[in-house]
Amino acid sequence: MSQFLTMEEFLGMNTEVDTKSEWKWERKDVVIPIRSVPGDIYFKARKAAMKMSVTGRKKSAERKVEFDELKLKSEIIIAAIDKERTNFHLDSAQVLAKYNKVAACDVVSCVFTPREINDLYEKIESISDFSTDEEEEEDVKN
């Protein structure tokens, strides 16, 4: 191995993080198998959770960016349920029909309580190696 990363070494690497875990759904006394969420899925979910609106005319136009934290967490939870180890899928037609929803991200808050959503997201966040807002704020300060 050379002192610095070579193209050959990089092309031979598996850079995907694939960590498997479980989350205990205490209220229902069941275990949901989860896996880490890759960076591309995380950033796609973050982008989908941002909503930009413009009000006013050209010179006095105001741009407003809103961030939907529930949408981000819902998208990540949906992506993290390990479909290789369970047939439970929040984005299945049966689940959508049960809650009369069109989008899977709208089902998450029907299935889980706010505390459960936060706990499950934090578990996924830890196995996926996402940085937290506090870590990002600290990096900006430095």
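This one's a predicted model, so the numbers in the text were calculated from it and none came from an experiment.

Caption draft 1: Structural detail: the confidence of the model for the chain. Taken over all residues, the pLDDT of the chain has a mean of 90, while the share at 70 or more is 90%. Looking at the elements of the chain, mean pLDDT is at its lowest for helix α7 (residues 133–141), recorded as 50, and at its highest for strand β2 (residues 30–35), recorded as 98.

Caption draft 2: Molecular detail of the pattern of salt bridges. Tallied over the entire structure, the rule returns 13 salt bridges. Notably, a salt bridge pairs K20 with E84, separated by 3.5 Å at the nearest N-O pair. Of the two residues, K20 is situated in strand β1 (residues 20–25) and E84 in the loop between α3 (69–80) and α4 (93–98); the sequence distance between them amounts to 64 residues. For K20, a relative accessible area of 40% puts it in the partly exposed group. Classification of E84 by relative accessible area gives exposed; the value is 62%. Ionic pairing is found between D91 and K83, a salt bridge with its closest N-O pair at 3.3 Å.

Scoring rules and cut-offs
- The numbers attached to residues start from 1 for each chain and follow its sequence in the written order.
- Note on the predicted model: pLDDT of at least 70 is required for a residue's local features to be given, and 80 or more for side-chain atom pairs to be given and counted; whole-chain, interface and lining totals, by contrast, use all residues.
- Note: side-chain values were computed over all heavy atoms of the structure, leaving out hydrogens and water.
- Predictor confidence is given residue by residue as pLDDT, running from a minimum of 0 to a maximum of 100.
- Comment: elements are numbered from the N terminus, with helices defined as DSSP H or I runs of at least four residues and strands as E runs of at least two.
- By definition here, a salt bridge exists when the distance from a side-chain nitrogen of Lys or Arg to a carboxyl oxygen of Asp or Glu is within 4 Å.
- Burial classes follow relative accessibility: with a 1.4 Å probe on protein chains only, a residue under 20% of its type's maximum area counts as buried, one over 50% as exposed, and anything between as partly exposed.

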